[in-house]
Amino acid sequence: MSEIQDRVQLSPSWKSRIGGEFDQGYMQNLREFLLQEKQAGKTIYPEGKNIFNAMNLLDFEDVKVVIIGQDPYHGPGQSHGLCFSVMPGVAIPPSLKNIFKEIQTDLGIPPANHGYLTSWAEQGVLLLNSVLTVEMDRAASHQGKGWERFTDAIIQRLNCEHSGLVFFLWGSYAQKKGAIIDPKRHLVLQSVHPSPLSAHRGFFGNQHFSKANGYLQDQSKSPINWELPCLNKGNKVMEK
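Comments concerning the pattern of salt bridges
Across all of its chains, the model carries six salt bridges by this definition. Among the salt bridges present, the one from R17 reaches E61, with a minimum N-O distance of 3.3 Å. A residue pair is termed long-range when its members are at least 10 positions apart, and R17 in helix α2 (residues 12-18) and E61 in the loop between α4 (53-56) and β2 (65-69) qualify at 44 residues. The closest approach of N and O atoms between E37 and K42, which form a salt bridge, is 3.3 Å. The exposure class assigned to E37 is buried, which follows from its relative accessible area of 12%. In this structure K42 comes out as partly exposed when scored by relative accessible area, which is 32%. Linked through salt bridges whose partners overlap, the residues forming this network are R17, E61, R157 and E161.

Given below as structure tokens:
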């Protein structure tokens, strides 16, 4: 393992599979770009320790479901490395509200009082953004800098080394990103994005959450409990 790989805060199960990407020229260019942005005084989200949170909360072997997002939220205190998820105490974004609405319609689970999706990740849901960093208040500012190639490598590894995964591809961006997935090996569920601009054109009523759980059970895997734990007034997760 190279010195560069040693410095990366990424869990061993992932590093053993995609660690070689950090030695590639495109990742060196990406590191230099991020360093220059920080030296210029720009604020970048999420915090460095959370950039690889989607992988660090979930070993490669334990992935059951993959949800592909685009890039992190760019407001203060929102992003923590999981697509669609926000930190406790932060207002639930509109797309996530629509995800909760569909879960309620599909499974009868009432919407959570927060948007902190860590419990999904801990059960086997990889909440993967295509781009893993963003500049504060500048949506999509780090697109085209190399992250897309890195996350393509993640998806390719999942596609080839796993079987029986569920991929949620919501919107044209995620669908293009997921074009490499083999539908004979995995369940690929597609619809429009849950954004308020498109959700009424096919996201609502897609029943992706019940379909995913049914497929997992057919694969002799435990289903995902999509009901989030409650948070107390101190924004701590409460046991059910």
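That was the structure; now back to the text.
A few points about the pairing of strand β3 (residues 125-129)
Within β3, five of the five residues are buried, which leaves it mostly tucked inside the rest of the structure. Side chains of β3 alternate between two faces, with V125, L127 and N129 and L126 and L128 buried alike.

Here's the deal with the packing of aromatic side chains
A full pass over the atoms with the stated rule returns 15 aromatic pairs. With a centroid separation of 5.8 Å and 70° between ring planes, the pair formed by W147 and F150 is classed as edge-to-face. Taken as a pair, W147 and F150 lie in helix α7 (residues 147-161) at a separation of three residues, close to a single helical turn. Neither W147 nor F150 differs from the other in exposure class; each is buried. These aromatic residues form a ring-pair network of at least three members: F84, W120, F168, W170, F203, F204, F209 and W226.

Quick look at the sheet that holds strand β6 (residues 187-191)
If you walk across this open sheet you meet the four strands as β3-β2-β5-β6, and the pairing is parallel. Looking at the sheet topology across the chains shown, the edges are occupied by β3 and β6. Averaged over all pairs of adjacent strands, the angle between their axes in this sheet comes to 20°, without regard to strand direction. Strand direction decides the pairing type here: β2 and β3, joined by five bridges, are parallel.

What counts, and where the lines are drawn
Residues numbered from 1 in each chain as written. Predicted model: local features only at pLDDT ≥ 70, side-chain atom pairs only at ≥ 80, totals over all residues. Heavy atoms only, no water. Salt bridge = Lys/Arg side-chain N within 4 Å of Asp/Glu carboxyl O. Helix = DSSP H or I, 4+ residues; strand = E, 2+ residues; numbered from the N terminus. Buried < 20%, exposed > 50% of the residue type's maximum accessible area, 1.4 Å probe, protein only. Phe/Tyr/Trp six-rings, centres within 6.5 Å; stacked < 30°, edge-to-face > 60°. Pairing = 2+ DSSP bridges. Axes fitted to C-alpha atoms, helices over the stretch in contact; angles between N-to-C directions.

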